[in-house]
Amino acid sequence: MSALISSSIARKVVMALSGLFLVLFLAQHFTINLTSVIAPDTFNEWSHFMGYNPLVQYLLQPILIAGIIVHFVMGIALEIQNNRARKIGYVKYNGSANAPWTSRNMIITGLVVLAFLGLHMYDFWVHEMAYKYVEGSPEDPTRYYAETVEKFEPIWRTVIYVIAFILLAMHLWHGFSSSFQSMGWNNKYSAGLQTFTKIYAVAIPAGFIFIALYHHFNPITH
C-alpha cells in the first residue's frame, strides 16, 4: 500500500511539474502569436528566430515534446490507476455534488487538447520540417505571417481551434491550480495564486481564440 501511495504521489508531482512547464510555454507561445495581430514584422522576426536558432531547435524543442508526452502519459496512468482503485461502485453517484465538471473530466479535456496538438503540429511543425529539411527551401524571414494567416482562412479549421481552446480553458481551470496542490503548496499566497490561475485559464485561451478569429476575418488579399 505504501509503495502504491508513493507511486501515486510521484506521478502526481511529475504531472504537476510537466503541466507547469507547459503553462510557461503556453504563455511564451501566446506572446509570440499575439504579435501576428499587432506587429506582423515582429512576428516574422521572432518566428524566424525560433525556427532557426540551434538552442531552440535542438535543446528546447525536444524538451517541450518530452514535456507534452510525460504530462499526458502521467495523466492517463493516474486515470487508469484511479479507475482500478474504485473496486466498489456507488448505487447512485452524483458527481456534480462532489466536484465540478472540469475536475471530473480532466482526462476528456486533456485527450481533446492532445488531439488538437496533433492538428496544430501538422499545420505548423510538420510544415516547418518539410520546408527546411524535405524541400530544402532557403531561409525566408518574411514568410511566417502569411503562412499563419492562410491557415485560418478555412472556417472549419478556425472552428476547431476555437473549440480546442475552450476545452483548454476548462483543462487549465482545474489543472493549473491543482498543480500547486499536488506539490504541497499551501501558504499565505495560496489564495492569490489560485485567483491568478483562474484568470490565466480564461485569459490565455481567450487570447488564442481572438487571434484565430482575427486572422480568419482579416485574410491577406492579393
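Within each chain, residue numbers correspond to sequence positions counted from 1 in written order. Reporting in this predicted model follows two pLDDT cut-offs: at least 70 for local features of residues, and 80 or more for side-chain atom pairs to be given and counted; totals over whole chains, interfaces and linings ignore these cut-offs and use all residues. Values reported for side chains reflect all heavy atoms of the structure, with hydrogen atoms and water molecules removed beforehand.

A. Up close: the overall build of the protein chain. The helix count covers DSSP runs of H or I at least four residues long, the strand count covers runs of E at least two residues long, and both are numbered beginning at the N terminus. The helix and strand inventory of the protein chain stands at 9 helices and 0 strands. Reading the protein chain from its N end, one meets helices and strands in the order α-α-α-α-α-α-α-α-α. Here the protein chain, with 222 residues, has 39% of them falling under the buried criterion. By definition in these notes, contact holds between two residues if any of their heavy atoms fall within 4.5 Å. For the protein chain, restricting intrachain contacts to residue pairs at least 6 apart in sequence, the fraction spanning at least 24 positions comes to 80%. Accessibility throughout is a Shrake-Rupley quantity obtained with a 1.4 Å probe, and a residue counts as covered only by protein chains that appear here. Total accessible area on the protein chain is roughly 13,400 Å²; 69% of this is exposed by carbon and sulfur atoms. Using a 1.4 Å probe on the protein chains alone, a residue whose accessible area is under 20% of its type maximum counts as buried, one over 50% counts as exposed, and one in between counts as partly exposed.

B. Region of interest: the nonpolar core. Counting residues in each nonpolar core, the largest one holds 29 residues, and the members touching the most others are L26, Y161, F165, L172 and Y200. Elements with a minimum of two residues in this core: α1 (2–38), α3 (54–85), α6 (106–134), α8 (155–182) and α9 (190–217). Residue contacts for Y161: discarding those within four places in its chain leaves F116, L119, H120, D123, F124, F152 and A212. For the purposes of this section, nonpolar cores are sets of buried Ala, Val, Leu, Ile, Met, Phe, Trp, Tyr and Cys residues that join through side-chain atoms within 4.5 Å. By size, the runner-up hydrophobic cluster in this structure holds 5 residues, among which are I32, F43, Y144 and Y145.

C. Summary view of the side chain of Q57. Its location among the elements puts Q57 in helix α3. Judged by relative accessible area, Q57 falls into the buried class, the value being 9%.

D. Region of the structure containing the environment of Y133. Looking at where Y133 falls in the secondary structure, it is placed in helix α6. Taking the relative accessible area as the measure of exposure, Y133 reaches 49% and is therefore partly exposed. Once residues within four sequence positions are removed from consideration, Y133 is found in contact with Q57 and Y58.

E. Looking closely at helix α2 (residues 40–52). The end-to-end C-alpha distance of α2, which contains 13 residues, comes to 18 Å, matching closely the 18 Å that a straight helix rising 1.5 Å per residue would cover. Those residues of α2 that sit buried are F43, N44, S47, H48 and G51. Relative to the axis of α2, the buried residues are bounded by an arc of 125° and lie together on one face. Turned more than 90 degrees away from the buried face of α2 sit D41 and E45, all of them exposed. A helix is expected to span 1.5 Å for every residue after the first. Think of it as the arc spanned by the lines of direction from the helix axis to the C-beta atoms.

F. Looking closely at the confidence of the model for the protein chain. Taken as a whole, the protein chain shows an average pLDDT of 86; of its residues, 90% reach a score of 70 or greater. Here helix α4 (residues 95–98) is the element of the protein chain with the lowest mean pLDDT, 54, and α2 is the one with the highest, 96. A score from 0 to 100, pLDDT tells how confident the predictor is in each residue.

G. Summary view of the pattern of salt bridges. Should a side-chain nitrogen of Lys or Arg be within 4 Å of a carboxyl oxygen of Asp or Glu, the pair is scored as a salt bridge. A full pass over the atoms with the stated rule returns 4 salt bridges. A salt bridge links E128 to K132, with the shortest nitrogen-to-oxygen separation between them at 3.9 Å. Residue E128 and its partner K132 are located together in helix α6, separated by 4 residues, close to a single helical turn. Of the residues examined, K132 reaches a relative accessible area of 11% and is grouped as buried. In this structure, R143 engages E147 in a salt bridge whose closest nitrogen and oxygen atoms are separated by 3.1 Å. Linked through salt bridges whose partners overlap, the residues forming this network are E128, K132, R143 and E147.

H. Examining the packing of aromatic side chains more closely. Geometry of aromatic contacts follows a simple scheme: Phe, Tyr and Trp rings, the Trp one being its six-membered ring, pair when their centres are within 6.5 Å, and the pair is stacked under 30 degrees between planes, edge-to-face over 60, tilted otherwise. Evaluated as defined, the whole model comprises 11 aromatic pairs. With centroids separated by 6.0 Å and ring planes inclined at 45°, the aromatic side chains of F210 and Y214 adopt a geometry described as tilted. With F210 and Y214 both in helix α9 and 4 residues apart, this pair spans about one turn of that helix. Taken together, the ring pairs in this structure connect F30, F116, F152, Y161, F165 and F208 into an aromatic cluster. Positioned over the ring face of Y131 is R143, at 3.7 Å from the centre of the ring. As a reminder, the over-ring test applies to NZ of lysine and CZ of arginine, requiring each to be within 6 Å of the ring centre and within 35 degrees of the ring normal.

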